[in-house]
Amino acid sequence: RLCAQHWRSERVHHQRESHRSAHARGCVARYANVERKVDELEAYAETIRGAEPTLEQEFAALERNDAIEAELDALKKKRAKATPKAVKTADKKEA
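Since this is a predicted model, take the numbers as computed values, not measurements. (Residues numbered from 1 in each chain as written. Predicted model: local features only at pLDDT ≥ 70, side-chain atom pairs only at ≥ 80, totals over all residues. Heavy atoms only, no water.)

Colleague: It is not clear to me how the overall build of the protein should be interpreted in this structure. Could you clarify?
Modeller: The helix and strand tally for the protein stands at 2 helices and 0 strands. In the protein, which comprises 95 residues, the share counted as buried stands at 0%. For the protein, the exposed area adds up to about 9,300 Å²; of that, 58% sits on carbon and sulfur atoms. (Helix = DSSP H or I, 4+ residues; strand = E, 2+ residues; numbered from the N terminus. Buried < 20%, exposed > 50% of the residue type's maximum accessible area, 1.4 Å probe, protein only. Areas by Shrake-Rupley, 256 points an atom, 1.4 Å probe, with all protein chains shown as cover.)

Colleague: Even after reading the chapter, I still don't get the pattern of salt bridges, so can you show me in this structure?
Modeller: Pairing is possible between side chains of opposite charge, provided their charged atoms come close. Taken as a whole, this structure holds 2 salt bridges when the rule is applied. The residue R36 makes a salt bridge to E40 at a minimum N-O spacing of 2.8 Å. Taken as a pair, R36 and E40 lie in helix 1 (residues 2-51) at a separation of 4 residues, close to a single helical turn. (Salt bridge = Lys/Arg side-chain N within 4 Å of Asp/Glu carboxyl O.)

Colleague: Help me understand a nonpolar patch on the surface in this model?
Modeller: A grouping of L55, F59 and L62 is seen on the molecular surface, where their side chains present a nonpolar patch of about 330 Å² in accessible area. Along the polypeptide, L55 turns up in helix 2 (residues 55-94). (Patch = residues over 30% accessible without salt bridge, like charges linked within 9 Å, V, L, I, M, F, W, Y side chains within 5 Å.)

Colleague: Please clarify how a negative patch on the surface should be interpreted in this entry.
Modeller: Together, E35, D39, E42 and E46 line one region of the surface with negative charge. Counting through the fold element by element, E35 comes out in helix 1. By relative accessible area, which is 41% here, E35 ends up partly exposed. (Lys, Arg positive; Asp, Glu negative; His and termini not counted. Charge placed at Lys NZ, Arg CZ, Asp CG, Glu CD.)

What follows is the structure, given as structure tokens:
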């Protein structure tokens, strides 16, 4: 009888250890999964940061836009000065 109790106790102990081991493996697997997801999110964040222009790049773009706007205004003024002459010429041709 003592021997049977010992064997039963050994089986219960082995089952508990097996359960703990499986639980520990599950925890480690979940931790590895979370760690992988964190790595993926960090990589994604780096790609987003790399796509954003720096402050210097933004200022350079604004300066280019200002230069383009100034050139466009000059062209508009030049065209506005040329347009009245064209209208006067057309009026003379009709008369």
